[in-house]
Every structure is written in structure tokens, then in C-alpha cells.
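# Structural overview
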Amino acid sequence: MSLANVMISSPPSNIVLETIHKRRSIREYLDRPVSDEVLSQILEAGFRAPFAAQLCSVIYTRSQDKMKAAGIGVYPTAPVHMIFFIDFCRLEKIMKHRGHEYGYDDMMAIWLGMQDVVLMIENLTIAAESLGLGSVLYGLTPLRADSIAKVFNVPARVFPVVGMSVGYPDPAENTEIRPRFPLEMAAFEDEYRHHTDEDIKACMIKMDEGYLAQGYYIKSRTKVDLVDKEDTIGFDRYSWSEHISRKFRSAFRRGEPLIDILRRHGFDLR
Ligand SMILES: Cc1cc2nc3c(=O)[nH]c(=O)nc-3n(C[C@H](O)[C@H](O)[C@H](O)COP(=O)(O)O)c2cc1C
């Protein structure tokens, strides 16, 4: 029996699995404040994630203006915003107290920091969901490292990974659960699956039909500009695989390379 069949025959069977399976990104929020108590609960839960070296810090704010000044365009109804950082500043101070000088490979350090940060975020996200909150991430946040450092007084060797908004979802939006690749196309027993054309088609069909059926891009009027050629795909055919392919095209690449920004913030990357 394939993994996909096993999944179908065993729906979420406890509260944790149910919470994970019903989570979706939320972009419209109720005008309802998130208390400090709730915030500290989800942050505590975030930091209960496994860690390599506790290389994660988070700054949270209720100020849309601060986020705007930092160059992060948050969804207008979102009440609380967070920025998650890889933080070497704190670790190096600890090392100094211990009389040790930092000398790690910074590329590997960033890799470990990233692992700490993303695990923390996922714990926090699920904890928020379990308390009736929703969230959405902002992936271009690292490109705003300069303005974030200014607005939030962030030192060198502390670098933003991703931003997030959190709040109580507006039920009027009725956000649907987005599809994922078929499980057997992404989870492999014993060895990698070298995807055939048929496999790739199966991935695309699952994602594209799912997103088109939900009218995801039509509703949000979201489309990545082609920049260098005529756009012949209307919203009726604009699907997930088209969207993601456009995002990763060379013509879409713009702005300063991330490695240069990281160097400016004190990381030694050769
Ligand atoms: C690293 C990361 C960056 C993201 N950046 C954005 C973003 O900038 N804007 C946005 O609306 N959603 C963003 N998202 C949310 C994704 O669009 C969303 O998770 C994906 O479409 C799947 O939908 P779901 O979370 O509802 O299952 C981001 C998600 C991740 C994990």
C-alpha cells in the first residue's frame, strides 16, 4: 500500500493532528487584540522547539507603522507582527564570558541558526492555532535587514529570517485549506524518487487543480509579472505551478544578493 493510501485511510486522530491539518495562512483578521498572556504562551511554546544552539530571537510589535518603516508590508487588519532572527550576538557574548573566541564557519552557523528559527516558528504557529489564532509569514523580510536593524535597534550578527503576522482570523474570509504535493512525491522510503514526467504532472495537477478550484489567485488578484515577455495566461488558467515558476525565473530576480546583505550585517561569507 502506498503512503498516500495509508494517509487517506487514517484521518487526523487527535487534537494535535487536527490542529496541524486545519492550519492555513490567514490574511484577514478580526479587530480583536491579542493579549500579552496569549502572546507569551505562544512565544514560550515556540521556544520549546528542539534547538541546535538557541540561535533564535524574535521581536514582536503591535505597530503597523514600525513594520512599514522597516519595509515590511503587513496585511492591514493584522494586529500583531513578529520578526524572527538568527542571533549570534547573544551566543558570542556567552562564549566571551567563557573565555572562548568565536571561530565557526559562518555559512554552517547560518544553516544551524535557520534550523533553530524555523523549528521555533512552526511550534509557535501550531500553538497559536491551538488557541484560535491564525498567522501568515512574510518571506522577503531578509531583504529588508538594513531598515529592520534601524527601526528595531538590531545589532550586527543578528539577521532577520522571516516576518509574521498573528491575530484572530476573520471567519468572513473563510480561508480554505491549500493543497500539497501528493505525499509519495515528497516522502520517500530508503531512496530518493527521481521524478518522471508523469510524477511531475501528478504534482502539478494536484496543486493546480486545487488552487484553481479555490479561485486563490482570482480572489486575491495576485499574479507575478512576466517583465520581459507577453503574459498570455489569464486568471482562469493562472495556477500554483505557473505562479511559483514565475517567481523563480531569472527575470523576476531583483535587488541586492542576500549574501551581500548578510556580509554587511557582520557575517563572514567567502
Ligand atoms: C517562508 C514563507 C514565506 C511566506 N511569505 C509569504 C508572503 O510574503 N506573503 C503571503 O501572503 N504569504 C506568504 N507565505 C504563506 C504561503 O503563501 C502559504 O504558506 C502557502 O501558500 C500555503 O498555504 P497555507 O499556509 O494556507 O497552507 C509564506 C510562507 C512561508 C513558509
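A quick note: this is a predicted structure, and the numbers were derived from the prediction, not measured.

A word on the nonpolar core. If you look at the biggest cluster of nonpolar residues, it comprises 34 residues, and the most contacted ones within it are Ile 42, Met 82, Phe 84, Leu 124 and Leu 133. Within the residue set of this core, elements represented by two or more residues are helix H3 (36-47), strand S1 (56-61), strand S2 (80-87), helix H6 (106-130), strand S4 (158-167) and helix H11 (258-264). Looking at which element gives the most residues to this core, the answer is H6, with nine residues. Core analysis: the next-biggest nonpolar cluster, separate from the first, contains 17 residues, Ile 72, Phe 85, Phe 152 and Val 158 among them.

Here the chain is described as being made up of domain 1 (11-173) and domain 2 (183-252). The gap between the C-alpha centroids of domain 1 and domain 2 is 27 Å.

Turning our eyes to something else, we now look at the packing of H3 against H6. Packing of H3 against H6 leaves a shortest axis separation of 7 Å and a crossing angle of 140 degrees. By the angle between their directions, the pair H3 and H6 is classed as oblique. You can see that H3 and H6 cross each other, and the crossing is right-handed. Contact residues: Ile 42, Leu 43, Ala 45, Gly 46 and Phe 47 in H3; Met 120, Asn 123, Leu 124, Ala 127 and Ala 128 in H6. Classifying every residue of the contact of H3 with H6 gives eight nonpolar, two polar and no charged.

This part covers the pattern of salt bridges. Across all of its chains, the model carries 16 salt bridges by this definition. Of the charged contacts, one joins Arg 62 and Asp 36 as a salt bridge, the two residues approaching to 3.0 Å between their closest N and O atoms. Of this pair, Arg 62 sits in the loop between S1 and helix H4 (64-69) while Asp 36 sits in helix H3; the two residues are 26 residues apart in sequence, bridging distant segments of the chain. Between Lys 223 and Asp 231 there is a salt bridge, with the nearest N and O atoms lying 3.3 Å from each other. Each of Lys 223, Asp 231, Glu 242 and Arg 246 takes part in one network of salt bridges that share partners.

In this section: the site of the ligand. Close to the ligand lie Arg 23, Arg 24, Ser 25, Arg 27, Tyr 75, Val 136, Leu 137, Tyr 138, Gly 139, Arg 178, Arg 180 and Tyr 211, which account for all nearby residues. Separating an oxygen atom of the ligand from a side-chain N or O atom of Ser 25 is a distance of 2.6 Å. Protein contacts shield 62% of the accessible area of the ligand, which totals 610 Å² for the unbound molecule. Broken down by element, the residue count for the shell around the ligand peaks at three residues, all from strand S3 (residues 134-138).

Attention now goes to the packing of aromatic side chains. Following the criterion strictly, the structure yields 11 aromatic pairs and no others. Here the aromatic rings of Phe 235 and Tyr 238 are separated by 6.2 Å at their centres, their planes lie at 75 degrees, and the arrangement is edge-to-face. For the residue pair Phe 235 and Tyr 238, the accessibility class agrees, reading buried in each case. The structure contains a cluster of three or more aromatic residues connected by ring pairs, namely Tyr 211, Tyr 216, Tyr 217, Phe 235 and Tyr 238. Over the face of the ring belonging to Tyr 168 we find Arg 32, whose NZ or CZ atom lies 3.6 Å from the ring centre. We note Lys 223 situated over the ring of Phe 235; from NZ or CZ to the ring centre the distance is 5.2 Å.

The rules behind the values
Residues numbered from 1 in each chain as written. Predicted model: local features only at pLDDT ≥ 70, side-chain atom pairs only at ≥ 80, totals over all residues. Heavy atoms only, no water. Core = buried A, V, L, I, M, F, W, Y, C linked by side-chain atoms within 4.5 Å. Buried < 20%, exposed > 50% of the residue type's maximum accessible area, 1.4 Å probe, protein only. Helix = DSSP H or I, 4+ residues; strand = E, 2+ residues; numbered from the N terminus. Domains from an automatic or database assignment. Axes fitted to C-alpha atoms, helices over the stretch in contact; angles between N-to-C directions. Parallel < 35°, antiparallel > 145°, perpendicular 65-115°, else oblique. Left-handed = near helix turned anticlockwise from the far one by under 90°. Contact = heavy atoms within 4.5 Å. Nonpolar A, V, L, I, M, F, W, Y, C, P; charged D, E, K, R; others polar. Salt bridge = Lys/Arg side-chain N within 4 Å of Asp/Glu carboxyl O. Near = heavy atom within 4 Å. Polar contact = N/O pair within 3.5 Å; in protein donor to acceptor, adjacent residues only side chain to side chain. Areas by Shrake-Rupley, 256 points an atom, 1.4 Å probe, with all protein chains shown as cover. Phe/Tyr/Trp six-rings, centres within 6.5 Å; stacked < 30°, edge-to-face > 60°. Lys NZ or Arg CZ within 6 Å of the ring centre and 35° of its normal.

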